[in-house]
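Survey of secondary and tertiary structure
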Amino acid sequence: IFRAVIFDLDGVITDTAHLHYQAWKETAAAIGITIDPTFNARLKGISRMASLALILRHGGKERAFDEAERARLAARKNARYGELLASLDSRAILPGIPALLDALAQHGIAVGLASVSLNAPFILDALGLRARFDYCVDASLLRHSKPDPEIFLTACAGLGVAPEQAIGIEDAQAGIDAINASGMRSVGIGDDLQGAGLLLPDTGALSWRCLQDFWSTPPR
Ligand code: BG6
Ligand code: MG
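Quick look at the structure, then. (Residues numbered from 1 in each chain as written. Chains lettered and ligands numbered in written order. Predicted model: local features only at pLDDT ≥ 70, side-chain atom pairs only at ≥ 80, totals over all residues.)

A few points about the overall build of the chain
Across its full length, the chain holds 9 helices and 6 strands. For 220 residues, the compact-globule estimate of 2.2 N^0.38 gives 17 Å, and the chain sits close to it at 17 Å. Based on the C-alpha atoms only, the size of the chain along its principal axes is roughly 50 × 35 × 30 Å. Counting the 220 residues in the chain, one finds 40% classified as buried. Contacts in the chain between residues at least 24 apart in sequence constitute 61% of all its contacts with a sequence separation of at least 6. (Helix = DSSP H or I, 4+ residues; strand = E, 2+ residues; numbered from the N terminus. Rg over C-alpha atoms; globule rule 2.2 N^0.38 Å. Buried ≥ 20, exposed ≤ 12 C-beta atoms within 10 Å, placed from the backbone. Contact = placed C-beta atoms within 7 Å.)

With respect to the site of ligand 1
Taken together, the neighbourhood of ligand 1 is formed by 16 residues, with Asp10, Arg48, Ser117, Leu118 and Asn119 sitting nearest. A breakdown of the residues in the shell around ligand 1 according to their chemical character gives 5 nonpolar, 8 polar and 3 charged. (Near = placed C-beta within 6 Å. Nonpolar A, V, L, I, M, F, W, Y, C, P; charged D, E, K, R; others polar.)

Remarks on the nonpolar core
In this structure, Ala4, Val5, Ile6, Phe7, Phe152, Ala155 and Ala166 are the most contacted members of the largest nonpolar core, which totals 43 residues. Looking at this core, the elements that each hand over two or more residues are β1 (4–7), α5 (97–106), β2 (110–113), α6 (120–127), α7 (150–159), β4 (166–170), α8 (173–182) and β5 (185–189). Sequence-distant contacts of Phe152, defined by excluding residues within four places in its chain, comprise Ile6, Ala114, Pro163, Gly168, Ala178, Ile179, Ser182 and Met184. Counting 11 residues, the second largest nonpolar core, distinct from the first, contains Tyr21, Leu43, Leu73 and Tyr81. (Core = buried A, V, L, I, M, F, W, Y, C linked by C-beta atoms within 7 Å.)

What to know about helix α3 (residues 48–58)
For α3, the full list of buried residues reads Arg48, Ser51, Leu52, Ile55 and Leu56. Down the axis of α3, the sector holding all buried residues measures 135°, keeping them to one side. Next to the buried residues of α3 lie α1 (17–30) and α4 (67–85). Just downstream of α3 lies Gly60, where phi reads positive at about 65°. (Arc of directions from axis to C-beta.)

Some details on the sheet that holds β4
Backbone-to-backbone hydrogen bonds join strands into a sheet, with any given pair of strands oriented parallel or antiparallel. Overall, parallel pairing links the 6 strands, which are arranged β3-β2-β1-β4-β5-β6 in an open sheet. Strands with a single pairing partner mark the edges of an open sheet, and in this sheet they are β3 (135–136) and β6 (198–200). (Pairing = 2+ DSSP bridges.)

Things to note about the pairing of β1
When a strand is regular, its side chains alternate between the sheet's two faces. Burial of the side chains of β1 extends over both faces: Ala4 and Ile6 are buried on one face and Val5 and Phe7 on the other. Both β1 and β2 contribute to a ladder of 4 bridges, which runs parallel. Looking across to β2, one finds that Ala4 is bridged to Ala110. Across 4 bridges, β1 lies against β4 in parallel orientation. Counted as the bridge partner of Ile6 is Gly168 from β4.

Regarding the packing of α1 against α4
With their axes 9 Å apart at the nearest point, α1 and α4 run at an angle of 135° to one another. With respect to α4, the axis of α1 lies oblique. In this structure, α1 crosses over α4, and the sense of that crossing is right-handed. The residues of α4 that touch α1, namely those facing Leu19, His20, Gln22, Ala23, Trp24, Glu26 and Thr27, are Leu73, Arg76, Lys77, Arg80, Tyr81, Leu84 and Leu85. (Axes fitted to C-alpha atoms, helices over the stretch in contact; angles between N-to-C directions. Parallel < 35°, antiparallel > 145°, perpendicular 65-115°, else oblique. Left-handed = near helix turned anticlockwise from the far one by under 90°.)

Focus on the pairing of β4
The buried fraction of β4 amounts to 5 of the 5 residues, a majority that puts the element mostly inside the structure. Side chains Ala166, Gly168 and Glu170 project from β4 onto one buried face, and the interleaved Ile167 and Ile169 project onto a second face that is buried too. In the sheet, β4 pairs with β5 via 4 bridges, with the strands oriented parallel. Note on β5: the bridge partner recorded for Ile169 is Val187. Crossover handedness for the path β4 to α8 to β5: right-handed. (Right-handed = clockwise from strand over helix to strand, strands pointing away.)

Purely geometric stuff here, so don't read any function into it on its own.
Structure (C-alpha cells):
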C-alpha cells in the first residue's frame, strides 16, 4: 500500500482560485490589462511572479515593467488577495477532504502539502487543518516551479518516503506533470487534465477506498 499522500492546496483542499483571479483581475485592470476566466486557467499552480509575467505578456507589456515595478504589482495583488482571504474558515474546505484526511490518519499514511503558494501556512491555519499535515513544503525555498518535480520530491524527502510509495493530488496541469515527473502516482481533480493516473471530476469523489483501488491497479 502507498505510504504517503501529498496534496496541492488551491483547488484540492480549498477553492481559492476565484480569489486569486479576482485579485489579479483588479491588479491587471489597474495597468490596462484585461484577463478573463479562460486566461486565468493558465495561472493555476503557477507561482506569483510567474503568474505576473504571464499577465504582462498577455497584455503585451512585458517590457513596460522593471523588477521593482513587478515586485510592487505582485505585492499589490497579494494585499488584495489577503483581504479576500480574510473571511476564510473551515467552511471553505472542499467536500471529501475532511473524511479522506481522517482515513489517512487512521491508517498511518503520511500526509504532505506541496503548494507553491506563499500564503499556504496562513490558509491551512484559517481552515483549521495545519495539524493534519506531517510536512508542508516551504515554497520560498523552491528553485523550480511546477511542472518541475522539485516540490513533490521535497515533500517526499520531508516525509521520509520514496516517490514510488506516494500519491499526489492536483487540479492543475503543471501539477500533474510535476507529480508524474517525480515518479509518484498522480490523481487529477477536474475534467481537462492530461496524463493523470486517475482522473476524478471533483474532490467529493476522493476517498480512502478509491485511493486503495487506484493503488492496486497497475499504472498504464
Ligand atoms: C497556487 C495557485 O496554489 O499558488 C496559483 O494555484 C498562485 O494561482 C500560486 O499564483 C501562488 O500563490 P501566492 O499565494 O504565493 O501568491
Ligand atoms: Mg491547485
